[in-house]
Amino acid sequence: DKRATTDLDGRFVLRGIASDVELTLEASHPEYVSARSESFRVAADEVSRDHDLSLALGGRIDVLVRHGDGSPAPMAILRATFVGEDSASVDPLTQMSNKEGKVKFEGLRPGPWTVAIDREGIGSETPSETTPQTVAVASGKKHEIAFDID
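Computed from a predicted structure; not experimentally measured.

## Description of the overall build of the protein
Scanning the protein for helices and strands turns up 0 helices and 10 strands. Reading the helices (α) and strands (β) of the protein from amino to carboxyl end gives β-β-β-β-β-β-β-β-β-β. Here the C-alpha atoms of the protein give a radius of gyration of 19 Å, more than 25% beyond the 15 Å that 2.2 N^0.38 yields for 150 residues. Taking the principal axes of the C-alpha coordinates as reference, the protein spans close to 65 × 30 × 30 Å. Every one of the 150 residues in the protein was classed for burial, and the buried ones make up 27%. When contacts within the protein are restricted to residue pairs at least 6 apart in sequence, long-range pairs at least 24 apart make up 56% of them.

## Considering the sheet that holds strand E6 (residues 93-96)
Strands pair in a sheet through their backbones, by hydrogen bonds, and they do so in one of two ways: parallel or antiparallel. Taken in spatial order, the 4 strands of this open sheet run E6-E5-E8-E9, and their pairing is antiparallel. Since the sheet does not close on itself, it has two edges, and those belong to E6 and strand E9 (133-137), each with one partner. The average undirected angle you get between the axes of adjacent strands in this sheet is 25°.

## Topic: the side chain of His143
You can see His143 is positioned in strand E10 (residues 142-149). Excluding residues within four positions of it along the chain, His143 makes contact with Arg60, Ile61, Asp62, Val135, Ala136, Val137 and Ala138.

## Regarding the packing of aromatic side chains
Where two aromatic rings form a pair, the distance of their centres and the angle of their planes describe that pair. Throughout the structure, instances matching the rule amount to 1 aromatic pair. Ring geometry for Phe82 against Trp113: centres 5.4 Å apart, planes inclined by 65°, an arrangement best described as edge-to-face. Remark: Trp113 occurs in strand E8 (residues 111-119) and Phe82 occurs in strand E5 (residues 77-82); sequence separation between them is 31 residues. Overall, Trp113 belongs to the buried group, its relative accessible area being 2%.

## As for the pattern of salt bridges
Taken as a whole, this structure holds 10 salt bridges when the rule is applied. Asp7 is paired through a salt bridge with Arg11; the nearest N and O atoms lie 3.1 Å apart. For Arg11, a relative accessible area of 52% corresponds to the exposed category. Asp62 serves as the salt-bridge partner of Arg60, at 2.8 Å between the closest nitrogen and oxygen. For Asp62, a relative accessible area of 16% corresponds to the buried category. Each of Arg60, Asp62, Lys142 and Glu144 takes part in salt bridges that share partners, so that together they form one network.

## Considerations on the nonpolar core
One finds Ile61, Val63, Val65, Leu78, Phe105, Trp113 and Val115 to be the most contacted residues of the largest nonpolar core, which totals 20 residues. When contributions to this core are tallied by element, the ones reaching two or more residues are strand E4 (59-67), E5, strand E7 (102-108), E8, E9 and E10. Filtering out sequence-adjacent residues up to four positions away, Phe105 remains in contact with Gly59, Arg60, Ile61, Val63, Leu78, Arg79, Ala80, Leu93, Thr94, Gln95 and Val115.

Cut-offs and rules
- Residues numbered from 1 in each chain as written.
- Predicted model: local features only at pLDDT ≥ 70, side-chain atom pairs only at ≥ 80, totals over all residues.
- Heavy atoms only, no water.
- Helix = DSSP H or I, 4+ residues; strand = E, 2+ residues; numbered from the N terminus.
- Rg over C-alpha atoms; globule rule 2.2 N^0.38 Å.
- Buried < 20%, exposed > 50% of the residue type's maximum accessible area, 1.4 Å probe, protein only.
- Contact = heavy atoms within 4.5 Å.
- Pairing = 2+ DSSP bridges.
- Axes fitted to C-alpha atoms, helices over the stretch in contact; angles between N-to-C directions.
- Phe/Tyr/Trp six-rings, centres within 6.5 Å; stacked < 30°, edge-to-face > 60°.
- Salt bridge = Lys/Arg side-chain N within 4 Å of Asp/Glu carboxyl O.
- Core = buried A, V, L, I, M, F, W, Y, C linked by side-chain atoms within 4.5 Å.

Laid out in structure tokens, this is it:
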């Protein structure tokens, strides 16, 4: 698992990688949809070029989880799942609400995402009975939703 940071033009150099093994490049940034290259091999002492990746501006869903009395619900476990075309190629995202009951899913591929509460807190064995919400995520836009539990 080698990592590199790009320069201002997006160029990067990876050194010390193993030769003659399957390699895949992945680029990510919190505000952009991640991109992954096709697999390729590099021979010993070979310089490999032309592995370009393009990142598209992603969308964001800000979630607020509240108890019935309006107080924040920390430690709720939320899952965001892409439900649009080619959904099998997009991994679901899971996060825990912070002490303010907030979660931020960012760098989301534009299209429909369903957000659900898996568990209402650490140690809770019972799945949440809240209704999942579907959001039409747009590139570069912030979408806000809320869940009330209890």
